Amino acid sequence: MSASKTVRKVEVLSPVPADIDIANSVEPFHISEIAKDLNLSPKHYDLYGKYKAKVLLSVLDELEGSGDGYYVVVGGITPTPLGEGKSTTTVGLCQALGAFLDKKVVTCLRQPSQGPTFGIKGGAAGGGYSQVIPMDEFNLHLTGDIHAITAANNLLAAAIDTRVFHESTQSDKALLNRLCPPNKEGKRSFSDIMFRRLKKLGISKNKPEELSPQEVKKLARLDIDPASITWRRVMDVNDRFLRKITVGQGPEEKGMVRETGFDISVASEIMAVLALTTSLADMRERLGKMVIGNSKAGDPVTADDLGVGGALTVLMKDAINPTLMQTLEGTPVLVHAGPFANIAHGNSSIVADKIALKLAGPGGFVVTEAGFGSDIGTEKFMNIKCRYSSLTPQCAVIVATIRALKMHGGGPEVVAGKPLDRAYTTENVSLVEAGCVNLARHISNTKAYGVNVVVAVNMFATDSEAELNAVRNAALAAGAYDAVVCTHHAHGGKGAVELGIAVQKACENVTQPLKFLYPLDISIKEKIEAIARSYGANGVEYSEQAEKQIEMYSKQGFSGLPICMAKTQYSFSHNAAEKGAPTGFSLPIRDVRASIGAGFIYPLVGTMSTMPGLPTRPCFYDIDLDTATGKVIGLS
């Protein structure tokens, strides 16, 4: 494979400047140049300004018979609240493969939520000399996908409350007459989406007037139990005051008050649907199948039952196309979807990966990132994403830092926004070695899927050679295919060349087929318990609510779905304070919910917030616009 014609040699400075300053120091290539290097013709993409383009799904149809590149997933060890540079490593590895090792490569990343960007974490475009540009566009509105998800989610929320309201004030016949209004000739007919509900109900009649009174009732009256409604409204901002709200307090909605709340947009099931869909037709079916609650008789009520599945698809029709961008060194990036990994499955989209694998072609590489540690993002990548995509990764990269390993070895608490304790900035080999139990479990868990594991040690200036060697030795002893020290933050792709070579060898030498952690045909509880054992638990405790939900979902026919654990990212266990590799604990399942359209059951392990809050000093204090140049400043 010849290297990209658009490779950019970036001059690195020391000390490393702020991320936004590095990003702003480079003039990105026009996105059509990046597309051309991938053999994409202008008919394959729609331009969104000079530096972004939406790649159309028609590319998949055209390349259907061609071979795929190697498929690499990047996960991490259990992180500190500061993050261990997983996105940075993903970008650095791709820059090494494309700009220095002469390989065709495509990076696949999630779109960042504006919540963390303006909140506590900052942006997610990578960092230092390994990042996606333009950084400001990547971290802000991009091509509007999250806004489309927000609009679709809230349209469905409005449809739910409106339907409950109208059903409470009308007879069955009046409901049907309004749902099937007469045309100019005075004739009534069913809309296309109503035929979906008629089929579900086993009613084969084609005209409203043919329905019996009982059939009119079944079609027109969803009879939603307000207490069962699980669908919440969303917005892409951290706002703790919207976690719990009451709706229906207007004078015209008397007696319709109920408690609900807002989630952050990336926690919406529609985001998970976008990430797991395989085509436009598949997305239409998934959106229509989303369950919003139950009828008073205990039957699941879907978006299609409410008549809104088609409209949701219309709002999402452009969002299904991945966004093409570039790294600092000019290698291509596909940005798509952004589900939370501690709540949803935390991976970028199947369609982006499938397009990328065809564009990279045999001998090329696609590197996709999974959220948080291997117990969360990588586990869900394998057991949920790969099941729906039928794609098989050859290599999994696990990103580790000396900082995080010291924390797992018993080091002081790491708190975002506070200076690191001296233990993290001075040599302490024994602390690192003690913390490698966490790395070892991540390696063994990931190896169990049949992939080769390469450990990437993301090096910081304060790390000593003895500490780095300790990690390498522990990784190899735990069964890693290789372990490599990387300096891509400070040196760009050049600092990840050894990692690129190790990943290539790991891909070329994979010997096993993909293995899942559990089969789909066992019970919901058996699947939960298989995942709990991989965490180190010796048992699972179910709350009364969780037991009730499991029984209901099994009865409704949903027990064949994979499991998506909603769990803290800061520990293998449910307790964020439990570092290292805890064992012998009992995993508490507080509640069990279902994302039927996305295609998974999600148990809540302990307390999980689906709407983050803002800290005392959010990142927005530093973000502004240079009105003279029009450039964004202060993004981190």
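Conventions we followed
Residues numbered from 1 in each chain as written. Predicted model: local features only at pLDDT ≥ 70, side-chain atom pairs only at ≥ 80, totals over all residues. Heavy atoms only, no water. Helix = DSSP H or I, 4+ residues; strand = E, 2+ residues; numbered from the N terminus. Rg over C-alpha atoms; globule rule 2.2 N^0.38 Å. Buried < 20%, exposed > 50% of the residue type's maximum accessible area, 1.4 Å probe, protein only. Areas by Shrake-Rupley, 256 points an atom, 1.4 Å probe, with all protein chains shown as cover. Lys, Arg positive; Asp, Glu negative; His and termini not counted. Charge placed at Lys NZ, Arg CZ, Asp CG, Glu CD. Pairing = 2+ DSSP bridges. Axes fitted to C-alpha atoms, helices over the stretch in contact; angles between N-to-C directions. Expected span 1.5 Å × (residues − 1). Bend = angle between axes of the 7 residues up to and from the residue. Domains from an automatic or database assignment. Contact = heavy atoms within 4.5 Å. Buried area = accessible area lost by both parts, 1.4 Å probe. Salt bridge = Lys/Arg side-chain N within 4 Å of Asp/Glu carboxyl O. Polar contact = N/O pair within 3.5 Å; in protein donor to acceptor, adjacent residues only side chain to side chain. Parallel < 35°, antiparallel > 145°, perpendicular 65-115°, else oblique. Left-handed = near helix turned anticlockwise from the far one by under 90°. Nonpolar A, V, L, I, M, F, W, Y, C, P; charged D, E, K, R; others polar.

Quick look at the overall build of the protein chain
(1) Moving on: For the protein chain, the count of helices and strands is 22 helices and 23 strands.
(2) Moving on: Its C-alpha atoms give the protein chain a radius of gyration of 25 Å, within 12% of the compact-globule value 26 Å for 636 residues.
(3) Moving on: Taking the principal axes of the C-alpha coordinates as reference, the protein chain spans close to 80 × 55 × 50 Å.
(4) Moving on: Classification of the 636 residues of the protein chain by burial places 57% in the buried group.
(5) Moving on: Split by element, the accessible area of the protein chain, about 25,200 Å² in all, is 52% carbon and sulfur.
(6) Moving on: Across the protein chain, the 66 positively charged side chains and the 66 negatively charged ones have centroids separated by 4 Å.

Quick word on the sheet that holds strand 20 (residues 586-595)
(1) Moving on: Taken in spatial order, the three strands line up as 19-20-21 in an open sheet, and their pairing is mixed. Sheet topology places strand 19 (539-542) and strand 21 (600-605) at the edges, where each strand pairs with a single neighbour. On average, each strand axis in the sheet is tilted by 50 degrees relative to the strand beside it, whichever way the strands run.
(2) Moving on: The pairing of strand 20 with strand 21 spans six bridges and is classified as antiparallel.

Quick word on the pairing of strand 14 (residues 332-335)
(1) Moving on: On strand 14, burial covers both faces: P332 and L334 on one face and V333 and V335 on the other are all buried.
(2) Moving on: In the sheet, strand 4 (residues 105-109) pairs with strand 14 via three bridges, with the strands oriented parallel. Looking at the pairing, T107 lines up with V333 of strand 14.
(3) Moving on: With four bridges joining them, strand 13 (residues 323-327) and strand 14 adopt antiparallel strand pairing. In the sheet register, T323 faces strand 14, and the bridge partner there is V335.

Section: helix 17 (residues 429-447)
(1) Moving on: For helix 17, with 19 residues, the first-to-last C-alpha span of 26 Å sits near the 27 Å given by 1.5 Å per residue.
(2) Moving on: Along helix 17, the sharpest kink reaches roughly 30 degrees, centred on G435.
(3) Moving on: All of the buried residues along helix 17 are L431, V432, G435, C436, N438, L439, R441, H442, I443, N445 and T446.

With respect to the domain arrangement of the protein chain
When the parts of a complex come together, some accessible area is lost, and that lost area is often used as the size of the interface.
(1) Moving on: Examined at the domain level, the protein chain breaks down into domain 1 (19-143 + 318-509), domain 2 (146-316) and domain 3 (524-604).
(2) Moving on: Taking only C-alpha atoms into account, the centre of domain 1 sits 38 Å from that of domain 2.
(3) Moving on: In this assembly, 27 residues from domain 1 lie in contact with 21 residues from domain 2.
(4) Moving on: Summed over both partners, the interface of domain 1 with domain 2 buries about 1,800 Å², with 68% contributed by carbon and sulfur atoms.
(5) Moving on: Considering only the surface of domain 1 that becomes buried against domain 2, A319, I320 and Y388 emerge as the three largest contributors, covering 23% of it.
(6) Moving on: The interface formed by domain 1 and domain 2 holds zero salt bridges in total.
(7) Moving on: The tally of links from domain 1 across to domain 2 stands at seven residue pairs in polar contact (both at pLDDT 80 or more).

Re the pattern of salt bridges
(1) Moving on: Counted according to the given criterion, the structure contains 28 salt bridges.
(2) Moving on: Between R221 and D172 there is a salt bridge, with its nearest N and O atoms 2.6 Å apart. In this pair, R221 sits in the loop between helix 10 (213-220) and strand 7 (233-235) while D172 sits in helix 8 (residues 172-179), placing the two residues 49 residues apart along the sequence. Taken individually, R221 and D172 each receive the classification buried, so the pair is uniform in this respect.
(3) Moving on: A network of salt bridges, in which partner residues are shared, links R196, R284, E285 and D304.

Regarding the packing of helix 17 against helix 18 (residues 465-477)
(1) Moving on: Where helix 17 meets helix 18, the axes come as close as 9 Å, and the angle between the chain directions of the two elements is 30 degrees. With respect to helix 18, the axis of helix 17 lies roughly parallel. Crossing of helix 17 against helix 18: the hand is right-handed. Here V429, V432, E433, C436, L439 and I443 of helix 17 come into contact with helix 18, specifically with A466, E467, A470, V471, A474 and A475.
(2) Moving on: Looking at side-chain class alone, the contact of helix 17 with helix 18 contains 10 nonpolar, no polar and two charged residues.

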